[in-house]
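# Descriptive structure summary
So you can see what is in the structure, the chains are spelled out below.
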Amino acid sequence: MEAAVTAALAELGWSVVRLHEGFIDSQRMGLEVFKRIPPDAPLVVAEAVWQYSHHVLAGLRTHRGPILTVANFAGDWPGLVGLLGLNAGLTKMGVPYSTIWSVDFTDDWFLAGLRQWTKSGTIVHDDSHVRLLPPLPDTPERRLGEALAEQLLADKAIIGVFDEGCMGMYNAIIDDELLNQAGIYKERLSQSALYAEMLTVPDAEADAARRWLEERGMRFRFGTDEKTELTEEQVRWQLKMYVAALRISDDFGLNAVGIQYQQGLKDLVPASDLAEGLLNSTDRPPVRSRDGARELFPGRALPHFNEVDEGVAVDALVTDRVWRAMGLLPDNTLHDVRWGEEYEGRFVWVYEISGSVPGSHLGGWDRAEGLRQGPVYFPAGGATINGVSKPGEVVLSRVFIAEGVLQVDIFRGTVVELPEEETDRRKQATTPEWPIAHVVLHDVTRNQFMARHRANHVQLVYAPDAAAADRALLVKAAMFAALGLRVNLVGRVHI
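Residues numbered from 1 in each chain as written. Predicted model: local features only at pLDDT ≥ 70, side-chain atom pairs only at ≥ 80, totals over all residues. Heavy atoms only, no water.

### Quick word on the sheet that holds strand β8 (residues 256-259)
Going by this rule: Should DSSP find at least two bridges between two strands, the strands are regarded as paired. Secondary structure follows DSSP: runs of H or I at least 4 residues long count as helices, runs of E at least 2 residues long count as strands, and numbering of each begins at the N terminus. Between N-to-C directions, angles cover 0 to 180 degrees, with each direction set by a line fitted to C-alpha atoms, over the stretch in contact for helices.
With respect to topology, 3 strands assemble into an open sheet ordered β6-β5-β8, the strand pairing being parallel. Of all the strands in the sheet, just β6 (184-189) and β8 have a single pairing partner and so form its edges. Strand-to-strand twist in this sheet, taken as the mean axis angle between neighbours without regard to direction, amounts to 20°. Where strand β5 (residues 157-162) lies against β8, 4 bridges are found, and the strand directions are parallel. Bridge pairing in β8 links Ile-159 to Ala-256.

### Notes on the nonpolar core
Put simply, the rule is: To form a nonpolar core, buried Ala, Val, Leu, Ile, Met, Phe, Trp, Tyr and Cys residues must be joined to one another through side-chain atoms within 4.5 Å. In this scheme, a residue with accessible area under 20% of its type's maximum is buried, one over 50% is exposed, and one in between is partly exposed, where area comes from a 1.4 Å probe on protein chains only. Two residues qualify as a contact provided that any one of their heavy atoms is within 4.5 Å of a heavy atom in the partner residue.
Ranked by internal contacts, the top residues of the largest apolar core, which has 127 residues, are Leu-194, Trp-349 and Tyr-351. Among the elements that take part in this core, helix α15 (residues 466-482) stands out by supplying 10 residues, more than any other. In this structure Trp-349 touches Phe-73, Val-337, Trp-339, Gly-340, Arg-426, Ala-437, His-438, Val-439, Leu-441, Arg-446, Phe-449 and Met-450, once residues within four positions along its chain are discounted. In terms of nonpolar packing, the next biggest core, distinct from the first, is built from 13 residues, Ile-37, Ile-67, Leu-90 and Met-93 among them.

### Points about the pairing of strand β12 (residues 392-402)
On a regular strand, one side chain projects to one face of the sheet and the next to the other, so that they alternate. Counting buried residues along β12, 11 of its 11 residues qualify, which places the element largely inside the surrounding structure. What sits between the antiparallel neighbours β12 and strand β13 (residues 405-415) is a turn of 2 residues, in which Glu-403 has the positive phi angle 55°. The pairing of β12 with strand β15 (residues 457-463) spans 5 bridges and is classified as antiparallel. Considered in β15, the bridge of Val-395 is made with Val-461.

Okay, structure coming up:
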């Protein structure tokens, strides 16, 4: 990638000066690198992998010259994922930047954008697919959304955050002053407390949860090598985390909970993903209070926000309330915007959360398979909830900070079914042990999405059909607006 971007700039008469060796692998290194960068120089931040944005945000905050973020658009080395996270951080900080991406850095669209940046210091992207939520007519959907907002503002809600700030995602931290205006408050918790609670969960309780899953058809692909294969002991620890998270959530009266896992906890216990997927499922193994007297959160999901992404927390909490009020299944989850390619004339995105989705998103627990998480990021192992998301109509969204205020983009899409060989090709080109969703956005092109989206995460929830999805989106938009968020409609949205 570096060679290709350098060559493209050379064709335009520009030379690239690199002021560091290898990756900028810490915030301290980032500070030292920026000491050597002239503050008014045109600056290119190149992304060819997932990265920790805070390594460079301090330097970018005070840089005065034009900034260009550029990424490869690939599944195996997903620079586009890092780019979306970095761009969201710059947007939150209010730092001007331009952005562009390419598969091989030779296409006309990329070269035209690069030429525009070298001449003017900016790249202008098409944002004709985005519009502010207009005044809504007096409908049952609007009234329901406003009533749900009124209830939340009056009663308030608590999100439990097990260690804030995962993997440098500055954009995923919402300041209390903004969050509180929407009636939502943080309970800041420590992952060490979660680990301590896990130590109190008997093996029998964890094993009962595993039997519940296996009786409903979920399969675990077990081996014997702890370092490279999934083992029964790893799954036992994961289910202890599930029990512990519910008990702590009950202790603090939480309405949603997020487990960072990275960093720190990954060195102690297997991956949090199995617990996370279960928490986001209405149909899940029952867990009782420590004294056995009560079932905790019976008959419902406890929304979980992966990687303690607080934009997801707000979205998941609102989505859960809207869908339950409408009598719809509220199971929702974030996905990484991982990659995508055209298939038979349509651009089909690869959405892949890093390990788990609710069982209902796959069509049931019998469609789920537990595969070992990769040993690089997950040295202690643990099972994913692997599978292919079922076809259906979905509502998609992202809560983010821009221009100093809390905003939400809401859009529609369809999860489509692809042939088995195409699905396998896409999984092998990304991370095969993670669950995948084949998503087609409604009247939003690849480049429009990449230029607009303010996170590497996107929230996804199913509806029974297109009409129900449109109605639920309207209720959700009305609720967000009544909570004080700036609501943006993206693509083809019927209101």
